[in-house]
Amino acid sequence: MTSALGSVASLAARAGGSVVRQVRSIVDPSPARPAGADRPASGWLVVTVFREPSEIDTDRLPAPLAEFGDQLEVRVRAAADGKGTELGARLRDRPSGSALGRLGGSDPQADLRSALRRAKQLIEVGEVLAVDPAPHGERTATPGGALLEMWTRVAPKAGVR
Amino acid sequence: MKAVTWRGVNEVGVEDVPEPKILNDRDIILEVGLSVTCGSDLHLLGGYIPAMRAGDVLGHEFMGTVAEVGKSVSKHRVGDRVVVVSFIGCGQCWYCTQGLWSLCDNGNPNPGITEALWGQSIGGCFGYSHAMGGWAGSHARYIRVPYADQGAFTIPDGVSDERALFASDAAPTGWTGAHQAEVKPGDVVAVWGAGGVGQMAARKAMLMGAERVVVIDRFDNRLDQVRTHIGAETLDYEEVDVPAELREMSGGRGPDVCIEAVGMEAHHPGPQYLYDQVKQQMRLHTDRPTALREAIYACRKGGTVFALGVFGGVVDKFPMGAVMNKALTLRGAQQHGHRYVPEILDLMSRDEVRTEHLATHVLPLDDGPKGYRMFKEKEDGCVRAVFRPGR
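Some words on the overall build of chain B
From N to C terminus, chain B includes 14 helices and 18 strands. In terms of C-alpha radius of gyration, chain B reaches 20 Å, essentially the compact-globule figure of 21 Å for 391 residues. Seen through its C-alpha atoms, chain B measures out along the principal axes to roughly 60 × 45 × 45 Å. A buried classification covers 58% of the 391 residues belonging to chain B. Excluding contacts between residues fewer than 6 apart, the proportion of contacts in chain B whose partners are at least 24 apart in sequence is 73%.

Examining the overall build of chain A
Within chain A, the regular secondary structure consists of five helices and three strands. By the burial criterion, 29% of the 161 residues in chain A qualify as buried. Contacts spanning at least 24 positions in sequence make up 66% of the contacts within chain A whose residues lie at least 6 apart.

What about the sheet that holds strand β14 (residues 257–260) of chain B?
Residues and elements named next belong to chain B. In space, the six strands of this open sheet follow the order β13-β12-β11-β14-β15-β16, with parallel pairing throughout. The open sheet has two free edges, formed respectively by β13 (233–236) and β16 (329–332), since each of these has just one partner strand. Taken pair by pair, the neighbouring strands of this sheet meet at an average axis angle of 20 degrees, ignoring direction. By the bridge criterion, five bridges tie strand β11 (residues 188–192) to strand β12 (residues 212–217) in an arrangement that is parallel. For V189, the partnering residue across the bridge sits in β12 and is V213.

As for the interface of chain B and chain A
Listed per partner, the contact involves 40 residues of chain B and 32 residues of chain A. Taken together, the elements giving at least two residues each to the side of chain B that touches chain A come down to β1 (2–8), β2 (11–16), β4 (56–57), α2 (94–97) and α3 (111–118) of chain B. At five residues, the largest contribution of residues to the side of chain B that touches chain A is made by α3 of chain B. Residues that form the side of chain B that touches chain A fall into these classes: 20 nonpolar, 14 polar and six charged.

Quick word on the pairing of β1 of chain B
All names here are of chain B. Here β1 lies mainly inside the structure; five of its seven residues are buried. Relative to β2, β1 runs antiparallel, the two sharing six bridges. Note on β2: the bridge partner recorded for V4 is V14. With antiparallel pairing between neighbouring strands as the criterion, β1 and β2 make up a hairpin whose turn holds two residues, including N10 at a positive phi of roughly 55 degrees. Here β1 pairs with β4 via two bridges, running antiparallel. What sits directly across from W6, in β4, is D56.

With respect to the domain arrangement of chain B
Residues and elements named next belong to chain B. Under the domain assignment, chain B is made up of domain 1 (2–169 + 335–387) and domain 2 (171–332). Distance from the C-alpha centre of domain 1 to the C-alpha centre of domain 2: 25 Å. Taken residue by residue, the interface counts 27 residues in domain 1 and 20 residues in domain 2. Those elements giving two or more residues to the side of domain 1 that touches domain 2 turn out to be α1 (39–45) and α13 (341–349). At four residues, α1 tops the list of elements feeding residues into the side of domain 1 that touches domain 2. Residue composition of the side of domain 1 that touches domain 2, by class: 13 nonpolar, 10 polar and four charged.

How each quantity is defined
- Residues numbered from 1 in each chain as written.
- Chains lettered and ligands numbered in written order.
- Predicted model: local features only at pLDDT ≥ 70, side-chain atom pairs only at ≥ 80, totals over all residues.
- Helix = DSSP H or I, 4+ residues; strand = E, 2+ residues; numbered from the N terminus.
- Rg over C-alpha atoms; globule rule 2.2 N^0.38 Å.
- Buried ≥ 20, exposed ≤ 12 C-beta atoms within 10 Å, placed from the backbone.
- Contact = placed C-beta atoms within 7 Å.
- Pairing = 2+ DSSP bridges.
- Axes fitted to C-alpha atoms, helices over the stretch in contact; angles between N-to-C directions.
- Nonpolar A, V, L, I, M, F, W, Y, C, P; charged D, E, K, R; others polar.
- Domains from an automatic or database assignment.

This is the structure we're talking about:
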């Protein structure tokens, strides 16, 4: 019985520890724990552009990425199976962020995510698709409306995991 | 201009909104001829897809006349009569070039919402919430259509507006289900849901050579439409045991392909409906997968189940054991309409696809709230309420 209780206690402690680690990784990711928090450990953000690698000149990047200047490292490599070219970028100062922060609009990499997405559109389509101003009626308050409004403000700065 | 808008949960309005403008070189402005309610709109009205803001213009299935063209549009001219696919695809990304148009990388300007929900964002859709891009809908006098060379298709002379309208969404969605489920000659195909999408999935399955196609619903007038206009067999799920009937109809095997064209608000006469409804209302799960469960249960060993009805989030009591142990193929998709519309319009011009019977009620925009009420409550045998903005 003692042994069984010990096993249960051990399991509970391990489960509790796991929960604590999960919560901490969301709320307060430290640079010493680079993986998780909805970002890769390496800091690279990557999009696959449906163009040959020879068509993407890292010395003449589309304006949204070129504007970062020396703050940015860039890499390209052919995607497998004819899927195009993997265009990667990361900020040299490697800022930390959290998944909650990303949802709340305080993602330090948000501008880079947006720039990568716009650069991909410029290379593939030749222009960045705009949605606003879209016709709409009166914006009265609805349950959840404020949250949605906040989310739609930050939603365009995604599209790159 | 006048438009039918989402005002809140179960609240539809008619109000004046600004006219759209060309914002990208590949845009057209379309004067809407006809714009139709869709079953998936009911998920927005019911609050089950909580990404609508008061004032959003509803509608994603439409046709009309080109009123203005952007400077990079090459396929269309002012005055062309076109039908527009409800999903927005660029035609240039890998997904579009693979024919997986609803997965377009570039058609949703608000990718963050669906990325958080599903891991990746998919393409945009007109009038279908800020999660799908925040695009204004088609229940209005005018609508802006981006990537118009890809998404707008000229309607052949001789195909009526009322028929071509359903080449926007119902028909290509049905085509997506039957084609992507890889229906083969000789197959027995079961389709849950006798609305526009279910009827079109059944029609495509028949055209692909299915030996028997059986459509399941509970509304007599819809089942009658299936028999009369589609030529498929029917089952009323309130009258019979559906899996048992399907086993009998397929030599004891079960259907080779099961297409679920119902989605997140499925009904069922059994106690599981009450269970799913309670959990959905308490937000313990987002979608009621009653028909999907039955499709998985009914499907033959090694068969294919296709989720064509709209699901938004997570479901409960999902029969994973049946999926795994019966070696089922489980697939799903929004519509990849761009690849199917030319074929559909051609078949419409030869009377091999007929859809005008779906438009049971044609109304002016001022009747937007009434049209949605009739559609939702199936009043007066309403299968689809269609709005004619020019009326």
